[in-house]
Amino acid sequence: MNRHILIVDDDKSIANLVEIYLLNEGYEVTKAHDGHQALRLLADRTFHLVILDIMMPGMDGLEVCRELRREQAIPILMLSAKAEDGDKILGLVTGADDYLVKPFNPLELLARVKSLLRRTYGLNAQLSAQSGNNDTIDIHTVQINKSTHTVTVEGRHVNLTSLEFGILHLLASNPNRVFSAEELYERIWKEKYYQSNNTVMVHISNLRDKLEKETGGVKLIHTVWGVGYKLVP
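Under the annotation held in an unreviewed UniProt entry, the protein chain carries the name DNA-binding response regulator and is attributed to Paenibacillus contaminans. Comment text from UniProt for the protein chain, heading Subcellular location (unreviewed entry), reads "Cytoplasm".

Spelled out as structure tokens, the structure:
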């Protein structure tokens, strides 16, 4: 399947450079040069991934990300000239799946794009293959549907990213089992975990916030300090 990628960057030279590399890899590419244009395109067309610059005039990338996350779970790779850990965490908390600092090596960007697409859509295919006849997991008022990759609370849809869904599905499939951050990362992201990687912590925090908001504060995912995370039914 040909993947369609949206590049959102007000710097046309960077957008054009990224487009060239993506086209050479066989991806379909559309460009937007401001946040409002990006949201209009996302409302009208189907995209498989968004490469989103943070520093844009008017509506910045963080605002675009927040708006997009209200409606879609499409993977987002954020670009930023800010390299501090706090900036990266802010991007991930806002809803990005990955974060790349400018200036970047285009080959690294390609690797990140391929990794995001593989783990997002590869994970969905893997869960579909494993679903069998038992398509749903019910915990309290939360229903996790493996075949449609959706989560509902008393019939209300909870908008999770594919990575958040993967974490929840893994924890819910193994209630009360403690998973370390390293194991979660390597099983969901399908990549080697590295020291001081706070990506899992940020995604767990986002997942908790979404679930607790919809369940009225029911705490399903617990931290076992110094060990990892578990779901308590």
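Let's pick the thread back up.
Student: Summarise the overall build of the protein chain; cite the residues concerned and give the values.
Tutor: Check the secondary structure of the protein chain and you find eight helices and 11 strands. Against the 2.2 N^0.38 benchmark of 17 Å for 233 residues, the protein chain shows a C-alpha radius of gyration of 18 Å, consistent with a compact globule. Across the 233 residues in the protein chain, those meeting the buried criterion constitute 48%. Residue pairs at least 24 apart in sequence account for 57% of intrachain contacts in the protein chain once pairs closer than 6 positions are excluded. Total accessible area computed for the protein chain in this model is approximately 11000 Å², and 50% of it derives from carbon and sulfur atoms. The centroid of the 26 positive side-chain charges in the protein chain is displaced by 4 Å from the centroid of its 30 negative side-chain charges.

Student: Just give me the short version of the packing of helix H7 (residues 181-188) against helix H8 (residues 199-215), but keep the residues and values in it.
Tutor: Where H7 contacts H8, the axes come no closer than 9 Å and their chain directions differ by 85°. By the angle class used here, H7 and H8 are roughly perpendicular. Along its contact with H7, which presents Ala 181, Leu 184 and Tyr 185, the element H8 presents Thr 199, Val 200 and Ile 204. In terms of residue class, the contact of H7 with H8 is built from five nonpolar, one polar and no charged.

Student: Which residues make up unusual backbone geometry, and what values do they have?
Tutor: With an omega dihedral of -10°, the bond running from Lys 102 to Pro 103 counts as a cis peptide bond. Within the secondary structure, Pro 103 is located in the loop between strand S5 (98-101) and helix H5 (106-131). The residue His 140 is not glycine, and still its phi comes out positive at about 55°. Within the fold, His 140 resides in the loop between strand S6 (136-139) and strand S7 (142-145). Of note in the backbone geometry, Asn 176 takes a positive phi value of approximately 70° without being a glycine. Position of Asn 176 among the secondary structure elements: in the loop between helix H6 (162-173) and H7.

Student: If you had to explain helix H3 (residues 61-69) to someone new, which residues and values would you point to?
Tutor: Within H3, the full set of buried residues consists of Gly 61, Leu 62, Val 64, Cys 65, Leu 68 and Arg 69. Within H3, the buried residues cover an arc of 160° as seen down the axis, which keeps them to one side. Packed against the buried residues of H3 are helix H2 (35-44), strand S3 (49-53), strand S4 (76-80) and helix H4 (85-94). By the N-cap criterion, in which a side-chain oxygen at the helix start approaches the backbone nitrogen of a residue two or three places on, H3 is capped by Asp 60, the distance to Leu 62 being 3.2 Å.

Student: Got a sec to walk through the domain arrangement of the protein chain? Specific residues and values, please.
Tutor: By domain assignment, the protein chain separates into domain 1 (4-121) and domain 2 (136-231). Domain 1 and domain 2 are separated by 24 Å when their C-alpha centres are compared. Taken together, the 16 residues of domain 1 in the interface contact 14 residues of domain 2. On inspection of domain 1 and its partner domain 2, the count reaches zero salt bridges. Looking at the side of domain 1 that touches domain 2, the elements with two or more residues in it are H4 and H5.

Student: Before we move on, could you go through the packing of H3 against H4 and cite the residues and values that matter?
Tutor: Each pair of packed helices gets described by two things: the angle between the helix axes and the distance between those axes. At a minimum axis distance of 9 Å, the contact between H3 and H4 shows a crossing angle of 25°. Taken together, H3 and H4 sit at an angle that is classed as roughly parallel. For the pair H3 and H4, contact is made by Leu 62, Cys 65, Arg 66 and Arg 69 and by Leu 90, Gly 91 and Thr 94, respectively. In terms of residue class, the contact of H3 with H4 is built from three nonpolar, two polar and two charged.

Student: Which residues make up the environment of Arg 45, and what are the values?
Tutor: Residue placement: Arg 45 occurs in the loop between H2 and S3. Exposure remark for Arg 45: the relative accessible area of 43% places this residue in the partly exposed category. Residues Arg 45 and His 4, spaced 41 residues apart in sequence, show a C-alpha to C-alpha distance of 9.5 Å. Within polar-contact distance, the side chain of Arg 45 engages the side chain of Thr 30 at 3.5 Å.

Cut-offs used in this document
- Residues numbered from 1 in each chain as written.
- Predicted model: local features only at pLDDT ≥ 70, side-chain atom pairs only at ≥ 80, totals over all residues.
- Heavy atoms only, no water.
- UniProt positions renumbered as here; feature names shortened; annotations may be inferred.
- Helix = DSSP H or I, 4+ residues; strand = E, 2+ residues; numbered from the N terminus.
- Rg over C-alpha atoms; globule rule 2.2 N^0.38 Å.
- Buried < 20%, exposed > 50% of the residue type's maximum accessible area, 1.4 Å probe, protein only.
- Contact = heavy atoms within 4.5 Å.
- Areas by Shrake-Rupley, 256 points an atom, 1.4 Å probe, with all protein chains shown as cover.
- Lys, Arg positive; Asp, Glu negative; His and termini not counted.
- Charge placed at Lys NZ, Arg CZ, Asp CG, Glu CD.
- Axes fitted to C-alpha atoms, helices over the stretch in contact; angles between N-to-C directions.
- Parallel < 35°, antiparallel > 145°, perpendicular 65-115°, else oblique.
- Nonpolar A, V, L, I, M, F, W, Y, C, P; charged D, E, K, R; others polar.
- Arc of directions from axis to C-beta.
- Polar contact = N/O pair within 3.5 Å; in protein donor to acceptor, adjacent residues only side chain to side chain.
- Domains from an automatic or database assignment.
- Salt bridge = Lys/Arg side-chain N within 4 Å of Asp/Glu carboxyl O.

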